[in-house]
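# What the coordinates show
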Amino acid sequence: MEHFTPLPALAGGLLIGLAAALLFNLQGRIAGISGIFAAGLSALLRRTWDEAAWRWAFLIGLVLAPLALRPGTGEGALEVWLPASPTPTGLLVAAGLLVGFGTALGSGCTSGHGVCGLARLSRRSFLATALFMVAAALTVFVRRHLLMAGF
Amino acid sequence: MLAIFSGLLSGLVFGAGLVISGMSDPAKVLGFLDVAGNWDPSLALVMAGAIPVAAIGFVLARRRGSSLFGERLNWPTRSDLDLPLIVGAILFGIGWGIAGLCPGPALVRLASGREESLVFVLAMAVGMGGATLLMRLVQKKG
């Protein structure tokens, strides 16, 4: 339990909830990041800018956040928030494909189902959240405790 | 302009929440998912913090009936538990368990300027494109 960081986790969670509340109350849209990203990409391919403007603004805000908030300047300033991934590149690509394919097929991810869907008491989101949490925990279990991979 | 303001502000606050909470650190996420190992329960508190605040936001919006700027509220309407939802959620979970990255943190990590963050986001985009094509194909046949 030496890595337990309840206060930053709770504070970050409150901000995530606030962001979801803001987007729905200002723009009338669900803050589901996989959906926003997929629809943003699709608009880019179809060149339908007007309806996708808020999506790209949201995605740009997401990426600007750590740069705007970073505690100092210099090389290592972002290192604490965005440390290097422990996963080898091949597995990283496989994981990215699965995350993209799965969230598009299942209509949502941790934000759309796990936060917004649960907050709306959606039964689809309850099922999706239960399934992806269990699948993720089982995947880590198999890799770390059955295959004894060190990451 | 209002749409861009709303999107940018929500994105900034969401991104701040992701980095402050620890969700943008894949090792931390994997520690949360490793319930049989040296379990780090911190990230359960992310959901515990986010869900009530989001719920209040949805209640306020429902009472008003439209957005603060008069936009239509886009409530999700589906309630059916179908196969794509189930298979999609499981595949997403496996991917999340491999790398400790879900879509929000994956995008936030582009700010690190690391090549690996771009590789993951591109793979994610390809996966989304694949699922979209597959669903279109199945719809045509059905």
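First, a word on what this report is: a plain description of the structure on this page. In this text, all values refer to a predicted model and were calculated from it rather than measured experimentally. Throughout, residues of each chain are indexed from 1 in the direction in which the sequence is written. In the order they appear in the text, chains get letters beginning with A and ligands get numbers beginning with 1. Per-residue local features of the predicted model are confined to residues with pLDDT of at least 70, and side-chain atom pairs are confined, for both listing and counting, to 80 or more; whole-chain, interface and lining totals are unaffected and use all residues. To obtain the side-chain values, all non-hydrogen atoms of the structure were used and water was disregarded.

We now examine the interface of chain A and chain B. Contacts between the two partners involve 101 residues from chain A and, on the opposite side, 106 residues from chain B. Any Lys or Arg side-chain nitrogen located within 4 Å of an Asp or Glu carboxyl oxygen qualifies as a salt bridge. Here chain A and chain B share 4 salt bridges between them. As a salt-bridge pair, B:Asp82 and A:Arg124 come within 3.1 Å of each other at their nearest N and O atoms. Residues adjacent in sequence count toward polar contacts only when both atoms are side-chain atoms; beyond that, a polar contact is any pair of N or O atoms within 3.5 Å, and within protein one must be able to donate a hydrogen and the other to accept it. Counting across the interface, chain A meets chain B through 23 residue pairs in polar contact (both at pLDDT 80 or more). Helix and strand definitions here come from DSSP, where helices need a minimum of 4 consecutive H or I residues and strands a minimum of 2 consecutive E residues; each element is numbered from the N-terminal end. Sorting elements by how many residues they give to the side of chain A that touches chain B places helix α1 (residues 6–27) of chain A first, with 20 residues. Amino acids are sorted into nonpolar (Ala, Val, Leu, Ile, Met, Phe, Trp, Tyr, Cys and Pro), charged (Asp, Glu, Lys and Arg) and polar (every other residue, Gly among them). For the side of chain A that touches chain B, the residue count by class is 67 nonpolar, 25 polar and 9 charged. By definition, residues are in contact when any of their heavy atoms lie within 4.5 Å.

A few words now on helix α1 (residues 2–21) of chain B. The first and last C-alpha atoms of α1(B) sit 28 Å apart over 20 residues, in line with the 28 Å expected at 1.5 Å per residue. With a 1.4 Å probe rolled over the protein chains alone, any residue whose accessible area is under 20% of its type maximum counts as buried; one over 50% counts as exposed, and the rest are partly exposed. Every buried residue of α1(B) is listed here: B:Ser6, B:Gly7, B:Ser10, B:Gly11, B:Val13, B:Phe14, B:Gly15, B:Ala16, B:Gly17, B:Leu18, B:Val19 and B:Ser21. In this scheme, a helix's expected span is set at 1.5 Å multiplied by one less than its residue total.

Across residues other than glycine, the phi torsion is negative in most instances, and most of the peptide bonds are trans. Residue and element names in this part refer to chain A. Look at Arg-47: it is not a glycine, yet its phi comes out positive at around 55°. For Met-148, which is not a glycine, the phi torsion comes out positive at approximately 55°. By the secondary structure assignment, Met-148 is in the segment after α6 (123–146). By relative accessible area, Met-148 is classed as exposed at 63%.

Residues A:Ile60, A:Leu64, A:Leu67 and B:Leu8 make up a contiguous nonpolar surface patch of roughly 300 Å² in combined accessible area. No other element matches the 3 residues that helix α3 (residues 49–69) of chain A contributes to the nonpolar patch. Note on placement: A:Leu64 falls in helix α3. Residues enter a patch when their relative accessible area is above 30% and they make no salt bridge; the linking distance is 9 Å between like charges and 5 Å between nonpolar side chains (Val, Leu, Ile, Met, Phe, Trp, Tyr). Under the convention used here, a 1.4 Å probe and the Shrake-Rupley method define accessible areas, while residue burial counts only the protein chains that appear.

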